[in-house]
Amino acid sequence: MPRILPQVLRNLFRRPATVKYPYVRVEPPEGYRGRPSIDKERCIRCWLCIRTCPVRAITVNKETKKPSIWLGRCVFCGECAEACPTRAIIMTREFELATYDIQQAKSE
Amino acid sequence: MMEVVNFILGSLVFPGLLFASLIGLLYIGIDRKVTAHMQHRIGPPIWQEFLDVGKLLSKEDITPAAAQSPVFTAAPLVALGAVVTVMLLLPINSAQPALTLVADLIVIIYLLNIPAICMMLGGYSSGSPFGAAGAGRYVVQLFSYEFIFILAIIAAVVRVGSLGLPTIVGYQAQQGWLVLDWRLLPAVIAALIAAQGKLLRVPFDIPEAHTEIVAGPLTEYSGPRLAIWRLAYDVETIVVAGFLAALFFGGPTAYLIGNIQIPGVVDFLIKTLAIVLLTTTLRNIMARLRIDQALKFFWTYVALLAIISLVLVLVVP
Amino acid sequence: MTFVVPIGPQHPALKEPEYFRFEVKGEEIVDFDVRLGYVHRGIERALQERSYLHNIYLSERICGICNVAHTTAYCQTIEQLAGIEVPDRARFIRTILCELERIHSHMLWAGIAAHEIGFDTLFMLFWRDRELVLDLKEMISGNRQTSASNTLGGVRRDVKPEYVPKILRTLEKLEKATEQYINICTSDRTILARCAGIGVLPKDDAKKLCAVGPTTRASGVDIDIRRDDPYDAYGQISFDVITEPDGDVLAKVIVRLREILESIHITRQAVKALPKGPLRAKITPKIEPNEAIGRVEAPRGELLYYAISNGTDKPERVRVRTPTYANIPSFKPMFVGGTVAEIPIVLASIDPCFACTDRVALVDSHTGKTRVLSFKELRRWKG
């Protein structure tokens, strides 16, 4: 008799290990590296984030003169958040970043 | 006039195409759901198979350039036709089947082979190497399970002394289920294993082993034709289950609970579901065998079971 | 009469595009050839264009599954170039992450192998338990897969003391599950029928063809970088190197599953013995001319980095040799003499990761001849 049979039958009567994702959400833990957000008030325009970004995803927004992160390129390493002297950039726990509009794939 | 209307209703509505498709799709949905729970996940809703077949039916019909032959198109239709015809010959509501022709077990065995043959033809005519490889494997598989399936049936036939399915069901109503006869027990086990091979379920899903040969004979099928294949497969599942239920598990019996008459079709549904769930469990606890291993397995252990049973039936009074 | 069965570049048994050519006589395989290069991404060249710090994230992307092994090897090499001493605590944290990654990689592989032989229930169960490790990685490093945790001179994140009980609890659970899986894999008749005695790599061939990692350990060759050339904290931790004598697919399954148990053992020791101290050492952006080699035992085997510095903040050259590249020659003894139905599981048995592996080759479509481009030609071609 196959050894896996008892486990398979037990699984039948247990709550499934998966969840129905868009309806049931599992929050990522504290410290998760999701979408980086920029607090424009705190930014002192030192541009350390631009220099430290390994994928050159951060540019200067011409209107606001503050950094703007292109999420299509961002690898969510968190180096910018670490480099920022005023903690204006922090990594949030948002991870659902798919969008139809390329203009929205930005964090400013 | 009445006969013609009855025939058309029988073949298209109950127990023909409509009933068979509904139950077939539902049972495969249940099979998928139970599989998911056995694998500790949620799985699709029970009606997922309806959605899948519906979606496939509404898709564009594409025939690959290499498969431009009438055989490629006819194969799924003939397969579906054959299994629906078996549905008409099975006892579903009572011991009498819907189609009161002179059709015995031999016709049913023959018709049950048609989907397999159609699948081989479809695979060979698809012009894909995977289709041809799958069809080749299917030929070998057919030769491994079919003989055992027939041997197991013959054991039951010898026991009852009739080739007519209604007679066998009637005999079981009086004498008890054939599965309870210890001489036939090996044959029942052999038939269930052969059914696993017939329905291409793990460990015998070798002809369509998708990590090895994509989808085997069905590789080049898409859209409505694939939908018909799915439907044919789903109906085949309940047909084989229903056939085994009638042959060994007493067939459809009407019950009287309190004052309410439960029609035989309920019994049919319960018994076929039980057999489908048995195959579901089997397919979830094993790995796929290689084709040579499957052949060897069928022709040694399973054939031995069927032959023992046949000899016992013949020798022990 | 032989005929050719092509597997790839598009085939359901391969998760990545690569071309395998089997010469087949009936069902028997008589010859085998491989053509790589379908996923060449020019990463080694790109590594020369970026600064040392930015390169960490590029090397991390050479392989998604063994990203910690890649960054560890890269950081080790660069630290040697610059002569940086990594603090003790950082070395232990690197060890913990490396071992968690090994567990998750082996579980992923075991699931795929089960799927390859049509055992989907086992596949789902393996991947269910793999989630436990991924949760741990997510908690420690901030992401399930790409940890971005290693940096030059240390690590970026600490394993906080409040994580320790959860890590130990999860490891306990995993240990029980893995023991059960070993039990299943060594006793289930259908698994034995598909895995035992096929794809055999004899010990001599494993040595001659320089196979690495679990592939060669399953053939009884006792090598492991973690023990033979200890890096990080492996010198301070006691563990066994798992070997199996048979060399068939089953032996590879067992070696990997037992390595999971060993990894759990190592992680437990590392978590308990986590020393106090700083997380990273100071580094300078520019590195004097030097050359260095870093070796790491990635989940698939020995991973080698070689780097040359030239006094600027960018490396002159970085060479990566991934374990799959080292293991590809050993396919030949595994396949020849086998049957066609064995191809998927034997292919999967070395745990191939082709995206890491690729080199550039040109194929002349008229003559069908293959020619590998030299570095010089490649540079000219690019311009």
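An account of the accompanying structure is given in this report.

## Re the overall build of chain A
What chain A contains, in helices and strands, is three helices and five strands. Starting at the N terminus, the α and β elements of chain A follow one another as α-β-α-β-β-α-β-β. Here the C-alpha radius of gyration of chain A, 20 Å, is well above what a compact globule of 108 residues would show, namely 13 Å. If you line up chain A on its principal axes, its C-alpha atoms span 70 × 30 × 25 Å. In chain A, which comprises 108 residues, the share counted as buried stands at 40%. For chain A, restricting intrachain contacts to residue pairs at least 6 apart in sequence, the fraction spanning at least 24 positions comes to 67%. Put simply, chain A shows about 7,300 Å² of open surface, and 53% of that area lies on carbon and sulfur atoms. Each charge sign in chain A was given a centre, from 20 positive and 11 negative side chains, and these centres are 7 Å apart.

## Examining the packing of helix H1 (residues 5-12) of chain A against helix H5 (residues 120-141) of chain C
Geometry of a packed helix pair, given as the angle between the helix axes and the separation of the axes. Between H1(A) and H5(C), the least distance of the axes is 12 Å, while the angle of their chain directions is 70°. One finds that H1(A) runs roughly perpendicular with respect to H5(C). H5(C) is crossed by H1(A), and the crossing has left-handed handedness. Between H1(A) and H5(C), the contacting residues are Gln7(A), Val8(A) and Asn11(A) on the first element and Thr121(C), Leu125(C) and Arg128(C) on the second. When its residues are assigned to classes, the contact of H1(A) with H5(C) shows two nonpolar, three polar and one charged.

## A closer look at the interface of chain B and chain C
Taken residue by residue, the interface counts 19 residues in chain B and 23 residues in chain C. One can count one salt bridge joining chain B with chain C. One salt bridge in this structure joins Arg290(B) and Glu342(C), with 3.9 Å as the shortest N-O distance. Taken together, the links from chain B to chain C amount to six residue pairs in polar contact (both at pLDDT 80 or more). Mapped onto the side of chain B that touches chain C, the elements with two or more residues apiece are helix H6 (129-160) and helix H9 (210-213) of chain B. Sort the elements by how many residues they give to the side of chain B that touches chain C and H9(B) lands first, with three residues. Across the side of chain B that touches chain C, the residue classes break down as eight nonpolar, six polar and five charged.

## Some points on the sheet that holds strand E7 (residues 301-309) of chain C
Residues and elements named next belong to chain C. Here three strands make up an open sheet; going across it, the order is E6-E7-E8 and the pairing antiparallel. Of all the strands in the sheet, the pair left with one neighbour each is strand E6 (290-298) and strand E8 (315-321). When strand polarity is set aside, the average angle formed by the axes of neighbouring strands in this sheet is 15°. Where E7 lies against E8, six bridges are found, and the strand directions are antiparallel. Each bridged residue has a counterpart across the sheet, and for Tyr 306 the counterpart in E8 is Arg 319. Across the sheet, helix H3 (residues 67-82) is in contact with E6, E7 and E8; its angle to E6 comes to roughly 155°.

## Quick word on the pattern of salt bridges
Throughout the structure, instances matching the rule amount to 45 salt bridges over all chains. For the salt bridge of Arg201(B) with Asp31(B), the shortest nitrogen-to-oxygen distance reads 3.2 Å. Of this pair, Arg201(B) sits in the loop between helix H8 (185-198) and H9 while Asp31(B) is found in helix H2 (residues 17-38), placing the two residues 170 residues apart along the sequence. Sharing partners across several salt bridges, the network here consists of Glu99(C), Arg102(C), Arg217(C), Asp224(C), Arg226(C), Glu259(C) and Glu297(C).

## Focus: the interface of chain C and chain A
Counting from both sides, the interface comprises 27 residues of chain C and, opposite them, 24 residues of chain A. Applying the counting rule to chain C against chain A returns three salt bridges. Where Arg156(C) meets Glu79(A), a salt bridge forms, and the shortest distance between an N and an O atom there is 4.0 Å. The interface formed by chain C and chain A includes 14 residue pairs in polar contact (both at pLDDT 80 or more). Those elements that place two or more of their residues in the side of chain C that touches chain A are helix H2 (52-60), H5 and helix H6 (163-187) of chain C.

## Details of the nonpolar core
In terms of nonpolar packing, the biggest core is built from 216 residues, with Phe243(B), Phe22(C) and Leu122(C) touching the most fellow members. In terms of residues, this core owes the most to one element, helix H10 (residues 223-248) of chain B, which gives 17 residues. With sequence-adjacent residues up to four places away left out, Leu122(C) is seen in contact with Ile4(A), Ala114(C), Tyr181(C), Ile184(C), Cys185(C) and Ile191(C).

## Points about H10(B)
Residue and element names in this part refer to chain B. Given a rise of 1.5 Å per residue, 26 residues ought to cover 38 Å, and the 38 Å separating the end C-alpha atoms of H10 matches this to within 8%. H10 sits mainly inside the fold: 24 of its 26 residues count as buried. At the C-terminal side of H10, Gly 250 shows a positive phi close to 85°.

Calculation criteria
Residues numbered from 1 in each chain as written. Chains lettered and ligands numbered in written order. Predicted model: local features only at pLDDT ≥ 70, side-chain atom pairs only at ≥ 80, totals over all residues. Heavy atoms only, no water. Helix = DSSP H or I, 4+ residues; strand = E, 2+ residues; numbered from the N terminus. Rg over C-alpha atoms; globule rule 2.2 N^0.38 Å. Buried < 20%, exposed > 50% of the residue type's maximum accessible area, 1.4 Å probe, protein only. Contact = heavy atoms within 4.5 Å. Areas by Shrake-Rupley, 256 points an atom, 1.4 Å probe, with all protein chains shown as cover. Lys, Arg positive; Asp, Glu negative; His and termini not counted. Charge placed at Lys NZ, Arg CZ, Asp CG, Glu CD. Axes fitted to C-alpha atoms, helices over the stretch in contact; angles between N-to-C directions. Parallel < 35°, antiparallel > 145°, perpendicular 65-115°, else oblique. Left-handed = near helix turned anticlockwise from the far one by under 90°. Nonpolar A, V, L, I, M, F, W, Y, C, P; charged D, E, K, R; others polar. Salt bridge = Lys/Arg side-chain N within 4 Å of Asp/Glu carboxyl O. Polar contact = N/O pair within 3.5 Å; in protein donor to acceptor, adjacent residues only side chain to side chain. Pairing = 2+ DSSP bridges. Core = buried A, V, L, I, M, F, W, Y, C linked by side-chain atoms within 4.5 Å. Expected span 1.5 Å × (residues − 1).

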